[in-house]
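# Remarks on the overall topology
What follows is each chain in one-letter form.
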Amino acid sequence: MADRRKPRRVMRHMRRIPGYRYARRTVVPRLRDSATARAVVHRLFAVDAKQHTPLDVTAGRLLAGVGTERLPVVVVLLLGLPPERVREVVDELAELQVLSAGFRPVIVMDVPELAAARAYGYPAELLLPAAGWPYEGQSWDDYVRTTLGTVFATYRSTASVVVGPDGLGRTERLLLASLAPRR
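Residues numbered from 1 in each chain as written. Predicted model: local features only at pLDDT ≥ 70, side-chain atom pairs only at ≥ 80, totals over all residues. Heavy atoms only, no water.

Our focus in this paragraph is the nonpolar core. Within the largest apolar cluster, 24 residues are counted, with the highest numbers of intra-cluster contacts made by Leu78, Val86, Val90, Ile107 and Val163. Breaking this core down by element, the ones donating at least two residues are β1 (73–78), α4 (83–100), β2 (104–109), α5 (114–118) and β4 (159–162). The leading source of residues in this core is α4, at six residues. Discounting chain neighbours no more than four positions away, the residues touching isoleucine 107 are Val76, Leu78, Val90, Leu93, Ala117, Tyr122, Pro123, Ala124 and Glu125. Counting residues in hydrophobic clusters, the runner-up holds 14 residues, among them Val75, Leu127, Val144 and Val151. (Core = buried A, V, L, I, M, F, W, Y, C linked by side-chain atoms within 4.5 Å. Buried < 20%, exposed > 50% of the residue type's maximum accessible area, 1.4 Å probe, protein only. Helix = DSSP H or I, 4+ residues; strand = E, 2+ residues; numbered from the N terminus. Contact = heavy atoms within 4.5 Å.)

See the structure below:
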């Protein structure tokens, strides 16, 4: 059995250091909430040599608190969605996220409507559209396959949702709602 007296003795001495209580009350919560500190720790300790460098995906501006970093990352594919519908779909995602508190979205689209996702603080990736694909040496399908593979690996995605031209369907809503933590 490990000797537990030494850590207790060290903590007793730490509590006597001037400024300990101030640091515990103010500095520690700021470090926990710091995106930079989290990114540094994430890059130092959560990287395999075989994987892409993971990104620390925030839950956006709507959810906050302890535990949001453990929510599953969902890649939401808005490929082929008309540009005027993107904002509406992202608003629906935000509503579902607030109601379920069960996921962190990463939005992938092929129309330059990144402001819709960034308004909520969601990461967004832009793919080149299929219409007018300029590269003859590589098909658009190969490009999307490779890029999505990188997105899934980089963000360490748990699930993905494909949004059709009509927006989020019942199945997609049920899938996103099912990711809510069990209580």
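Here the focus is the pairing of β1. Within a regular strand, the side chains alternate between the two sheet faces. The buried fraction of β1 is high, at six of six residues. Burial of the side chains of β1 extends over both faces: Val73, Val75 and Leu77 are buried on one face and Val74, Val76 and Leu78 on the other. Both β1 and β2 contribute to a ladder of six bridges, which runs parallel. Within the sheet, the bridge partner assigned to valine 74 lies in β2 and is proline 105. In this view, the connection linking β1 to its parallel neighbour β2 by way of α4 has right-handed handedness. (Pairing = 2+ DSSP bridges. Right-handed = clockwise from strand over helix to strand, strands pointing away.)

Moving on to α4. The end-to-end C-alpha distance of α4, which contains 18 residues, comes to 26 Å, matching closely the 26 Å that a straight helix rising 1.5 Å per residue would cover. Among the residues of α4, those classed as buried are Arg85, Val86, Val89, Val90, Glu92, Leu93, Ala94, Leu96, Gln97 and Ser100. The secondary structure elements touched by the buried residues of α4 are β1, β2, α5 and α7 (170–178). (Expected span 1.5 Å × (residues − 1).)

Turning next to the sheet that holds strand β3 (residues 124–126). Consider a sheet: its strands pair through backbone hydrogen bonds, and that pairing is either parallel or antiparallel. The parallel open sheet is built from four strands, whose spatial order is β3-β2-β1-β4. Across the chains shown, the open sheet's two edge strands, defined by having one partner strand only, are β3 and β4. Across the sheet, the mean angle separating the axes of adjacent strands is 20° when strand polarity is ignored. As paired elements, β2 and β3 share three bridges and run parallel to each other. (Axes fitted to C-alpha atoms, helices over the stretch in contact; angles between N-to-C directions.)

Take the environment of valine 98 next. Mapped onto the elements of the fold, valine 98 is located in helix α4. Exposure remark for valine 98: the relative accessible area of 44% places this residue in the partly exposed category. Note: C-alpha distance between valine 98 and proline 72 (26 residues apart in sequence) is 14 Å.

Turning our attention to the packing of aromatic side chains. Overall, the coordinates contain three aromatic pairs when judged by the stated rule. Seen in terms of ring centroids, tryptophan 133 and tyrosine 135 are 5.2 Å apart; in terms of plane orientation they differ by 70°. Their pairing is edge-to-face. Overall, the relative accessible area of 48% leaves tyrosine 135 in the partly exposed class. Ring-pair connections join several aromatic residues into one group, and the members of that group are Trp133, Tyr135 and Tyr143. (Phe/Tyr/Trp six-rings, centres within 6.5 Å; stacked < 30°, edge-to-face > 60°.)

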